[in-house]
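The primary structure of each chain is shown beneath.
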Amino acid sequence: TAVLTVLEGAQAHELDTRVAWRKVVKAGNKDFSLVYDGMWGMVAASDAGCARYQEVVATIQPEPRAQVTRDPAELYAHAAAVRQTYAALLARLPVSDVEVNVPPSLKQMGRIVEKSVLKRVDDPGNADRVCDVVRGMVLCDNMSQIASVAEWLRDDDQIVVTRVKDRFFDCPSDGGWRD
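Caption draft 1: Region of the structure containing helix α3 (residues 72-91). Between its first and last C-alpha atoms α3 spans 27 Å; for 20 residues at 1.5 Å apiece the expected length is 28 Å, and the two agree. Bending of α3 peaks at approximately 45 degrees at the position of Val82. By the burial criterion, the buried members of α3 are Pro72, Leu75, Ala79, Arg83, Ala87, Leu89 and Leu90. Lining the buried residues of α3 we find β1 (99-101), α4 (109-118), β2 (137-139) and α5 (143-155). Its side-chain oxygen placed 3.2 Å from the backbone nitrogen of Ala73, Asp71 serves as the N-cap of α3.

Here you go:
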């Protein structure tokens, strides 16, 4: 029980530290948001692909699915099992002049546990809302390419879209970041 008490104290200290940092980040985000919002306004006004992107995203009908486990270690094992299939799927992306990047490793276990604690205050340690253990990125030069990627995600028979987080138009990050 002494070890458990020490661990609980360390966890409480870590959470308090992260809460303090979040206040600092939130204050900084306010300033960054002004810059990113201004840049986004210029992109939205000058890139004809924005309208096509919005049309495509509006037609995506997510099929929400829950994680099949609450356990962070089991979630990590599932992610490891599908990582190669995911990388192969992204490798066949039929959009020209984009860069596909799949990190060589999964999300760190410490970050998975952190998310399972911070996102589940009501049920600490439950990893059923951690969604990005296997990650990838498609780097596009313009909104037309992004619209083409979204079309592929929507139309490919091997892909099931389970959620859409549109940071371009619907929900930019607190700092104004859009991706």
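Caption draft 2: Just a positive patch on the surface, in detail. A cluster of like positive charges, contributed by Lys119, Arg129, Arg163 and Lys165, occupies part of the molecular surface. Checked against the element boundaries, Arg129 lands in the loop between α4 and β2.

Caption draft 3: View of the pattern of salt bridges. Using the criterion set out here, one finds ten salt bridges in the structure. Put simply, Asp123 and Arg70 hold a salt bridge, and the shortest N to O gap is 2.7 Å. Pair noted here: Asp123 is in the loop between α4 and β2 and Arg70 is in the loop between α2 (49-59) and α3, with a separation of 53 residues, a long-range link. Here Arg111 makes a salt bridge to Glu114, at a shortest N to O gap of 3.3 Å. Of this pair, Arg111 and Glu114 both sit in helix α4, three residues apart, roughly one helical turn. One connected set of salt bridges, linked through shared partners, spans Lys107, Lys115 and Asp132.

Caption draft 4: Molecular detail of the environment of Asp97. You can see Asp97 is positioned in the loop between α3 and β1. Along the backbone, Asp97 and Leu139 are 42 residues apart, and their C-alpha atoms lie at a distance of 9.1 Å. Non-local contacts of Asp97, meaning those with residues more than four positions away in its chain, are made with Asp141 and Gln145.

Caption draft 5: The packing of α2 against α5, seen in detail. Packing of α2 against α5 brings their axes to within 8 Å, and their N-to-C directions diverge by 15 degrees. On the basis of the axis angle, α2 is roughly parallel to α5. As α2 runs across α5, the sense of the crossing is left-handed. In this structure, α2 uses Gly49, Cys50, Arg52, Tyr53, Val56 and Thr59 to contact α5, whose residues at the interface are Met143, Ser144, Ile146, Ala147, Ser148, Ala150, Glu151 and Arg154. Classifying every residue of the contact of α2 with α5 by side-chain character gives seven nonpolar, four polar and three charged.

Caption draft 6: Focus on the confidence of the model for the protein. Taken residue by residue, the protein gives an average pLDDT of 86. The fraction at 70 or more is 83%. By mean pLDDT, helix α1 (residues 2-46) is the weakest element of the protein at 70, and α5 is the strongest at 97.

Rules used in this analysis
- Residues numbered from 1 in each chain as written.
- Predicted model: local features only at pLDDT ≥ 70, side-chain atom pairs only at ≥ 80, totals over all residues.
- Heavy atoms only, no water.
- Helix = DSSP H or I, 4+ residues; strand = E, 2+ residues; numbered from the N terminus.
- Expected span 1.5 Å × (residues − 1).
- Bend = angle between axes of the 7 residues up to and from the residue.
- Buried < 20%, exposed > 50% of the residue type's maximum accessible area, 1.4 Å probe, protein only.
- Contact = heavy atoms within 4.5 Å.
- Polar contact = N/O pair within 3.5 Å; in protein donor to acceptor, adjacent residues only side chain to side chain.
- Patch = residues over 30% accessible without salt bridge, like charges linked within 9 Å, V, L, I, M, F, W, Y side chains within 5 Å.
- Areas by Shrake-Rupley, 256 points an atom, 1.4 Å probe, with all protein chains shown as cover.
- Salt bridge = Lys/Arg side-chain N within 4 Å of Asp/Glu carboxyl O.
- Lys, Arg positive; Asp, Glu negative; His and termini not counted.
- Charge placed at Lys NZ, Arg CZ, Asp CG, Glu CD.
- Axes fitted to C-alpha atoms, helices over the stretch in contact; angles between N-to-C directions.
- Parallel < 35°, antiparallel > 145°, perpendicular 65-115°, else oblique.
- Left-handed = near helix turned anticlockwise from the far one by under 90°.
- Nonpolar A, V, L, I, M, F, W, Y, C, P; charged D, E, K, R; others polar.
- pLDDT = per-residue confidence, 0-100.

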